[in-house]
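Analysis of the macromolecular model
Residue strings, one per chain:
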Amino acid sequence: MELKADTNKKKITGVVVKNKMDKTVVVEVSRSFKHSMYHKYISTKKRYKAHDEENRCAMGDRVLIVESRPLSKEKRWLVKEIIKKVEPILVQEEVVKDDTGEN
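So, here is what we can say about the structure in this document.

Calculation rules
- Residues numbered from 1 in each chain as written.
- Predicted model: local features only at pLDDT ≥ 70, side-chain atom pairs only at ≥ 80, totals over all residues.
- Heavy atoms only, no water.
- Helix = DSSP H or I, 4+ residues; strand = E, 2+ residues; numbered from the N terminus.
- Polar contact = N/O pair within 3.5 Å; in protein donor to acceptor, adjacent residues only side chain to side chain.
- Pairing = 2+ DSSP bridges.
- Axes fitted to C-alpha atoms, helices over the stretch in contact; angles between N-to-C directions.
- Core = buried A, V, L, I, M, F, W, Y, C linked by side-chain atoms within 4.5 Å.
- Buried < 20%, exposed > 50% of the residue type's maximum accessible area, 1.4 Å probe, protein only.
- Contact = heavy atoms within 4.5 Å.

Another aspect to go through is the environment of His35. Along the polypeptide, His35 turns up in the loop between β2 (24-34) and β3 (41-51). Of note is the side chain of His35, whose polar atom sits 3.1 Å from the backbone nitrogen of Met37.

Following this line, the structure appears as structure tokens:
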């Protein structure tokens, strides 16, 4: 017996902008379209709350989210997969002796 594929569910890719909540991430989706009357390109952003069961997503990751049943008041999406992981940037701290300028 074959399982039915997720053909009827919407799929969106976006970037994780917040991951402070437990098992929840905020994904920002950008899209651009041409205005019908003025023929200019307009870009819009929309944020979705998505369920991340294992807390694997980090800020800056590009993820694929899929619509699901309502999981909470605002959460109606699931993180299906992480498309691109962001590599952490190592920050090197500068050593300062004094602020007076004396050595």
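Within the closed barrel, the five strands sit side by side as β1-β2-β3-β5-β4. Their pairing is mixed. Pairs of neighbouring strands in the sheet enclose a mean axial angle of 50°, with direction left out of account. Pairing of strand β1 (residues 11-18) with strand β4 (residues 62-67) involves five bridges; the strand directions are antiparallel. Within the sheet, the bridge partner assigned to Lys11 lies in β4 and is Val66.

Before going further, it helps to spend a moment on the nonpolar core. Note that soluble globular proteins tend to have their nonpolar side chains buried in a common cluster. Core analysis: the largest hydrophobic core is formed by twelve residues, namely Ile12, Val16, Val25, Val27, Val29, Tyr48, Ala50, Cys57, Val63, Ile65, Trp77 and Val79. Elements represented by at least two residues in this core include exactly β1, β2, β3, β4 and β5 (75-84). Here Val29 is in contact with Ile12, Thr13, Gly14, Thr44, Lys45, Lys46 and Tyr48, once residues within four sequence places are set aside.

Pairing of β3 with β5, which is carried by three bridges, proceeds in the parallel orientation. Counted as the bridge partner of Ala50 is Trp77 from β5. In the sheet, β4 pairs with β5 via six bridges, with the strands oriented antiparallel. Bridge pairing in β5 places Leu64 opposite Glu81.

Bringing unusual backbone geometry into the picture now. Located in the positive-phi region is Lys23, a residue other than glycine, with phi close to 65°. Owing to a relative accessible area of 32%, Lys23 belongs among the partly exposed residues under this scheme. Non-glycine residue Asn55 carries a positive phi angle of around 50°. With respect to the element layout, Asn55 can be found in the loop between β3 and β4.

Next up on the list: the pairing of β2. Inspection of the sheet shows β1 paired to β2 by three bridges, in the antiparallel sense. Bridge pairing in β2 links Lys18 to Val26. Where β1 hands over to β2, the hairpin turn is made up of five residues, of which Lys23 adopts a positive phi near 65°. The pairing of β2 with β3 spans eleven bridges and is classified as antiparallel. Of the residues in β3, the one forming a bridge with Lys34 is Tyr41.

By themselves, these figures tell us nothing about what the structure is for.
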